[in-house]
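So you can see what is in the structure, the chains are spelled out below.
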Amino acid sequence: MDGHPTTDIPLLFAPLNIRGATVRNRIVIAPMSMYCAENGFPTDFHAHHYAQFAIGGAGIVCVEQASVTRVGRITNGCLGIWSDEHAEALKPIAGFIKSQGAVPTLQIAHAGRKASAQRAWEGNGPLTAENIQNGDESWTPVGPSDLAFADGWLQPHALTIPEIHEHAVYFAKGAVRALEAGFDIIEIHMAHGYLLQSFLSPLANKRNDQYGGSLENRMRFPLEVATAVRAAIPQDTPLFVRISAVDWIEGGWEIEDSVVFSRELKKIGVDVIDCSSGGNLVMGATNASFRRAPGYQAEFARRIKAETGIQTQAVGLIRTAQLANELLESGHADLIAIGRQALFNPNWPHHAAEEMGMTRAFKHWPHQYGWWLEKWKSGLSANGETLNVR
Ligand SMILES: Cc1cc2nc3c(=O)[nH]c(=O)nc-3n(C[C@H](O)[C@H](O)[C@H](O)COP(=O)(O)O)c2cc1C
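Note that the coordinates shown come from a computational prediction; the quantities given were computed from them, not determined experimentally. (Residues numbered from 1 in each chain as written. Predicted model: local features only at pLDDT ≥ 70, side-chain atom pairs only at ≥ 80, totals over all residues. Heavy atoms only, no water.)

*Asks:* Tell me about unusual backbone geometry, and name the residues and values.
*Replies:* Of note in this structure, H192 is not a glycine but carries a positive phi near 60°. For H192, the position within the fold is in the loop between β9 (185–190) and α5 (195–200). For H192, a relative accessible area of 13% corresponds to the buried category. Within the chain, W248 stands out as a residue other than glycine whose phi angle is a positive 65°. Mapped onto the elements, W248 comes out in the loop between β10 (239–244) and α7 (255–268). (Helix = DSSP H or I, 4+ residues; strand = E, 2+ residues; numbered from the N terminus. Buried < 20%, exposed > 50% of the residue type's maximum accessible area, 1.4 Å probe, protein only.)

Structure follows, in structure tokens:
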């Protein structure tokens, strides 16, 4: 960037090749559901929302979880990728992200027993009579067992073995549609208590057949999904998997399990493990009542990378360029995802570049902005003012 010799480039801004994709820097916009889709279709809000991150300079923009079946949506406002029409509707979003030099990812998902719920800002709980009166549809969720997520939540239908096989196909078809829509990376959502993670976690999976019980059995369905998706997409398409590295609950999924699981995913041809956590408690993974330190999940990414050799993505309260770069330089991860900080400041990657001395004169910003900002900044400096977004 901006004439700096390659060796001086902080890792945060060093490009990364993953299979056929070249990512311009290590900053990923974390998948963040906006809960305002209509029948699974994106709205104008989505188009503008994702556009700002692509303009903002991220290397990868990960579009929020899109469900591979209609009943796999968390809420009535979640995106879908269960039909060709849904893929068609996502094309402009993927296309615009790419036009700005970022790589578009789609996170493909199934909510499992946490489906048919309220949008985040409505409470994140099971649908109420009022929600339904206001137009939300309610449906029977599916899961590994007929155990509800928590008190008051709908009892799921426990998937039969033929249905488990069908679901692996739904994921594979969702991935193919995502590529048709123009996404260049697929991320499979295997975290946060949703369908695939609920098979992994002994807290949710109470099956007695070959899909429950031992760790090997609990991993079987998620590994079958990864295998089906890998087989359905071209060799040069990167495949990411988001996991909950731990349940944060005694008797639940532990980091040692994640290491074993990541090793298996690597054998299948998964390229990056995106290391999140939690989701099997009623409180969500981002719940503010948890007191978490900056980079609180990065240790999981470090351990998985060190013990399996797979590339990892760290996420969770990474808000400063310095911390993001340190986590890369210290070998914790290969990519850094930022979520809420990007909602707060979509231009975070540009500001991080500036802060790390990567650029002068706004040359890395889109021309439409950079040309003006350079002159504006000089004028402000002449008045003794400094720019500060933090
Ligand atoms: C509004 C919002 C929506 C989210 N939706 C998703 C999602 O669709 N898929 C997912 O895996 N994680 C989702 N998450 C979790 C984020 O991807 C991320 O892991 C989390 O916010 C922690 O990172 P942060 O501290 O940088 O925000 C969501 C988080 C937020 C704030």
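*Asks:* Give me the lowdown on the packing of aromatic side chains, citing residues and values where you can.
*Replies:* Overall, the coordinates contain 8 aromatic pairs when judged by the stated rule. Between F362 and W365, the aromatic rings sit 5.6 Å apart at their centres with planes inclined by 65°, giving edge-to-face as the arrangement. For F362, a relative accessible area of 7% puts it in the buried group. Taking the relative accessible area as the measure of exposure, W365 reaches 6% and is therefore buried. When the centroid spacing of 4.7 Å and the interplanar angle of 80° are considered together, the rings of W371 and W372 count as edge-to-face. (Phe/Tyr/Trp six-rings, centres within 6.5 Å; stacked < 30°, edge-to-face > 60°.)

*Asks:* Just give me the short version of helix α8 (residues 298–308), but keep the residues and values in it.
*Replies:* Of the residues making up α8, those classed as buried are A298, F300, A301, I304 and T308. Looking down the long axis of α8, one finds its buried residues gathered within 155° of arc, a one-sided arrangement. The inward-facing, buried residues of α8 contact β10, α7, β11 (272–276), β12 (311–315) and α9 (321–329). Of the residues trailing α8, G309 is marked for its positive phi of about 80°. (Arc of directions from axis to C-beta. Contact = heavy atoms within 4.5 Å.)

*Asks:* Help me get a handle on the environment of L79, residues and values and all.
*Replies:* Considering the arrangement of structural elements, one finds L79 in strand β5 (residues 79–80). Residue class for L79 comes out buried when judged on its relative accessible area of 1%. Here the alpha-carbon distance between L79 and Y35, two residues 44 residues apart in the chain, equals 7.7 Å. Look past the residues within four positions of L79 in its chain and what remains in contact with it is A37, G40, F41, P42, H46, V63, E64, Q65, A66, S67, R73 and L90.

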